[in-house]
Each structure stands twice: as structure tokens, then as C-alpha cells.
Amino acid sequence: MRYLIVTIFSLLILGCASPKAALDTRSLLNDHLFTPSQTKIDAESIFSLSDEMRQYLETTVPKQALNKNTRQALFEALRIEYDSIMTKKAAQTFETRSGNCLSLVIMTAAFAKQLNMTVQYQSVETEQAWSSNGDFHFASGHVNIVLGKKSNIWRAGYDSSESLTIDFLPPADLLGQKTRPIEEKAILAMYMNNRAAELLAENLVEEAYWFARDAMLRDPDFLSAYNTMGVIYMRHDNLLQAEQNFLSVLSLDSKNTTAMHNLASVLEQQGRLAEAIAWRIQLKELQPSPPFYYFKLGKTAMSQGDYLDAKKHFMKELQRDPYYHELHFWLALAHLNLGEFKLAAEQLNFAKDNSTNSDSYKLYSAKLDKIKVRGH
């Protein structure tokens, strides 16, 4: 699954684990500042099965279950392409056969519940991956789902397999990773928080408020939603309310660099520079080189025509985040400007293979075709 920041450097975190909260959640909400939502926020519909999904369960899965256990048969239905553009409900994910890891978890849970399987949601400890969308930067956490035994519908006899983990990551990448069981309310809060961040990235601030509000109320322990709400207040020019949300996160997680960076930005906007500097000093100690630090230096070098220096910066950033497709793309541009066509093609291949939506994939493929022609 995946996460967020702003040029004012607001960080919105989508779907990550949080320490237990002891906050007066409702005191941090300000409904009177926002226009009532035109969209019905309906948590029940998130797991609802479409007619197409029901038909799949009634026809395709039973046929496949004749030669394998039902969980494995269901697994065949869950093959979707990774797409980071929007966190989707179960039916949307099945219809488009695409989504992020939270979308995959939601769709899997919807199927599994219908089949009376046991479901366990998990938060997976992985390195945060970063991406950007205009003025926003997204940091990514990760969740998956484990399916247990079911009441047998189609097959008689003993099913020896105990569980099946559904994840975008291959099994080898999950070996040794720490996982933590989480409740369904956390999954729902993550969905609402993701949608709030995605709407905010589209500058739909009023609409984003109501999704972040739902996330905070649905799971008060999910601190990422409080941070998202703070960013919403920032964009809505409610700076005191934003400050309260960021301080509430820091009261429970004193080393939360996301909230710390956002708080410093809010204080700067209020002209409270001495307080902001004090937080910036703490932040520098915790995070000497923030996300995209070398990436930004590389793009600056590119704009100045120093492609060799740009290449060095991009390669340094890739050491921290080796799978971010846009970094590979910019490194390819640096190689191209240095006349290193073979290396440029290699980086574009990496960018294409790690792209998180179909538009990026098409763009990198087209660039790669041009480089191949130019290289020859």
C-alpha cells in the first residue's frame, strides 16, 4: 500500500501502523469549517460484492476447486496489476483488475468472507517507499492478508494447508519480514485516509476532510489520519487547527518526523519562526537527509546542465529507494544527456518494470523505444 507530503512539505501517510492513541478525537474535528460532503461515505460498500464477483464465486471458483483447495482456487481470481492512482473498493478492484495493496486486501477479504474463510489482516514492516504527484510526496506502508480454513462448500475430506498469504510481494521478499495483526477497523481507516490523501492531491480539500474525519473516528489509534487532517487544515488555511493535529500526533509519537516537518511548516506560516527553527533542529537530528533530498539535488543539477553531478545524486537516492520508478526515469535522462545510451535503456527498463500505473508504463515504454532507435 502507499503514502504523502507537500511543497509546504506536508506529509500524508497512507495505511501504516500507529501506536495506541489516547486522544480526544472529536475535539480535533471542525465540521463547521467545511461544506457537507456530496459523496456518501459508506464503509459497508467497501467490501460489497458486485454481481460479476458473485457469478465468479458461483461458477469459476468451484470448477477450479475440483483440482486444488478452495483457497488456492480463490487465489487465481486475485491476480491484479499494481496501480497506485486510487485506493479502490472490492468491486472496483475486481472490475479493473488493478489496485494498490490495500485494494487487493479489501477485495480478497470480500471474497473470503463470502466463502466463510477466516481472515487475518497484517501490517508488514518494510522500508518506506516514496513517490510524488505534483506538490505532494507519498510514503508507502504495506499490508497483506492471510486466509485460513473454511467451512467446506465444494469438497469433502481434509484440507492439509493451514493458511495462504495474499500479497503483491513475492514470498521470498516476505521471508524475515515482521508482521503485526491488525483489526478490520484499521483497514477501513486506512481506506478512508488513503481516499482523503488522494482527494487532497486533486485539490478537493473540502471532500478530503470528510474522509479523513471518518478515518479518525473509525480507528482513533490510527495516527496517520490525524496527520492527514492536519495537512487538510493547512490547505484550507486553518493553521491553528492544523497545529493542534500535528501536536496531537507528536504527543504520542515524539519522533514522528512526518508530523514534525508539517508542524514546522505551520509555525513558519504563522510567523512563529523561533518555534519552527527549534522543531527543524530536532528534525535534522532525526532525519539528516529527508526523502527526495538527493533526488531534488539531482533535478537541480539537471536544470543547470550538470548531468554528471545529477547522475551521482540520482544514484545516491536510489540506494535508499531502489524501486521508485521516477528516479530510474530521471537517471535514464542523465545517462541519455551524457551519451550513455545503453545505460539509459537499462534505467528505462527498470522504470517500466517498477511503474505503478499504466500511464507511467506506457510513457517509459515509448521513451525506451526512442532510445533504442537513437542508440542504433
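Residues numbered from 1 in each chain as written. Predicted model: local features only at pLDDT ≥ 70, side-chain atom pairs only at ≥ 80, totals over all residues. Heavy atoms only, no water.

A. Main features of the overall build of the chain. Each helix and strand counted, the chain has 17 helices and 10 strands in total. Taken across its 376 residues, the chain has 51% of its residues classed as buried. (Helix = DSSP H or I, 4+ residues; strand = E, 2+ residues; numbered from the N terminus. Buried < 20%, exposed > 50% of the residue type's maximum accessible area, 1.4 Å probe, protein only.)

B. Region of interest: helix α16 (residues 341-353). An ideal rise of 1.5 Å per residue puts 18 Å on 13 residues; α16 measures up with 18 Å between its terminal C-alpha atoms. Of the positions making up α16, those classed as buried are A344, A345, Q347, L348, A351 and K352. The arc enclosing the buried residues of α16, seen along the axis, measures out at 165°, which places them on a common side. Exposed residues pointing more than 90 degrees away from the buried face of α16 are listed as K342 and D353. (Expected span 1.5 Å × (residues − 1). Arc of directions from axis to C-beta.)

C. Up close: the packing of helix α13 (residues 293-303) against helix α14 (residues 307-320). α14 packs onto α13 with a crossing angle of 165° between their chain directions and a minimal axis gap of 8 Å. Relative to α14, the element α13 lies roughly antiparallel. Once α13 is placed against α14, the crossing between them reads as left-handed. Facing α13, whose interface residues are Y293, Y294, F295, L297, G298, K299, A301 and M302, α14 presents Y307, D309, A310, H313, F314, K316, E317 and R320. (Axes fitted to C-alpha atoms, helices over the stretch in contact; angles between N-to-C directions. Parallel < 35°, antiparallel > 145°, perpendicular 65-115°, else oblique. Left-handed = near helix turned anticlockwise from the far one by under 90°. Contact = heavy atoms within 4.5 Å.)

D. Quick peek at the packing of aromatic side chains. According to the stated counting rule, one finds 15 aromatic pairs in the structure shown. Look at Y209 and W210: their rings are 5.0 Å apart centre to centre, the planes differ by 90°, and that puts the pair in the edge-to-face class. With relative accessibility at 0%, the residue Y209 sits in the buried group. Joined through ring pairs, the aromatic side chains of F292, F295, F314, Y324 and W330 make up one cluster. Lying across the ring of F295, K299 places its NZ or CZ 4.6 Å from the centre. (Phe/Tyr/Trp six-rings, centres within 6.5 Å; stacked < 30°, edge-to-face > 60°. Lys NZ or Arg CZ within 6 Å of the ring centre and 35° of its normal.)

E. Region of interest: the environment of M315. Tracing the backbone through its elements, the reader meets M315 in helix α14. Between the alpha carbons of M315 and L327 there is a distance of 8.5 Å; along the sequence they are 12 residues apart.

F. Local environment of the packing of helix α1 (residues 51-58) against helix α5 (residues 101-114). Interhelical geometry of α1 versus α5 gives an angle of 50° and a closest axis separation of 11 Å. The pairing of α1 with α5 is recorded here as oblique in orientation. Considering the relative orientation of α1 and α5, their crossing is right-handed. Between α1, through M53, R54 and L57, and α5, the contact on the second element is made entirely by M107, A110, F111 and Q114.

G. Layout of the nonpolar core. One finds F47, M107, I187 and I232 to be the most contacted residues of the largest nonpolar core, which totals 75 residues. Not counting residues within four places of it along the chain, the set of residues in contact with I232 comprises F34, L200, V205, A208, Y209 and A212. Of all hydrophobic cores here, the second largest spans 11 residues; its members include F292, F314, L327 and A334. (Core = buried A, V, L, I, M, F, W, Y, C linked by side-chain atoms within 4.5 Å.)

H. The arrangement of the pattern of salt bridges in detail. All told, the structure shown has nine salt bridges when counted by the stated rule. The partner of D31 in a salt bridge is R213, with the nearest N and O atoms 3.0 Å apart. On the criterion of sequence distance, the pair formed by D31 in the loop between β2 (12-14) and α1 and R213 in helix α8 (residues 205-218) is long-range, its members being 182 residues apart. One salt bridge in this structure joins R320 and E317, with 3.0 Å as the shortest N-O distance. With R320 and E317 both in helix α14 and three residues apart, the pair spans about one turn of that helix. You can call R320 partly exposed: its relative accessible area is 35%. Sharing partners across several salt bridges, the network here consists of E243, R272 and E275. (Salt bridge = Lys/Arg side-chain N within 4 Å of Asp/Glu carboxyl O.)

I. Helix α9 (residues 223-235), seen in detail. The terminal C-alpha atoms of α9 lie 19 Å apart, and with 13 residues this matches the ideal 18 Å at 1.5 Å per residue to within 8%. D237 lies just past α9 and shows a positive phi near 65°.

J. Here's a closer look at the confidence of the model for the chain. Mean pLDDT for the chain: 84, with 82% of residues reaching 70 or above. Per-element averaging of pLDDT across the chain places strand β1 (residues 4-5) at the bottom with 27 and helix α10 (residues 239-252) at the top with 97. Overall, residues 1-10 carries pLDDT values under 50, and its contacts beyond four positions in sequence, including any with other chains, amount to 64 contacts. Ignoring residues within four places in sequence, the model shows residues 151-160, a span with pLDDT below 50, making 17 contacts including any to other chains. (pLDDT = per-residue confidence, 0-100.)

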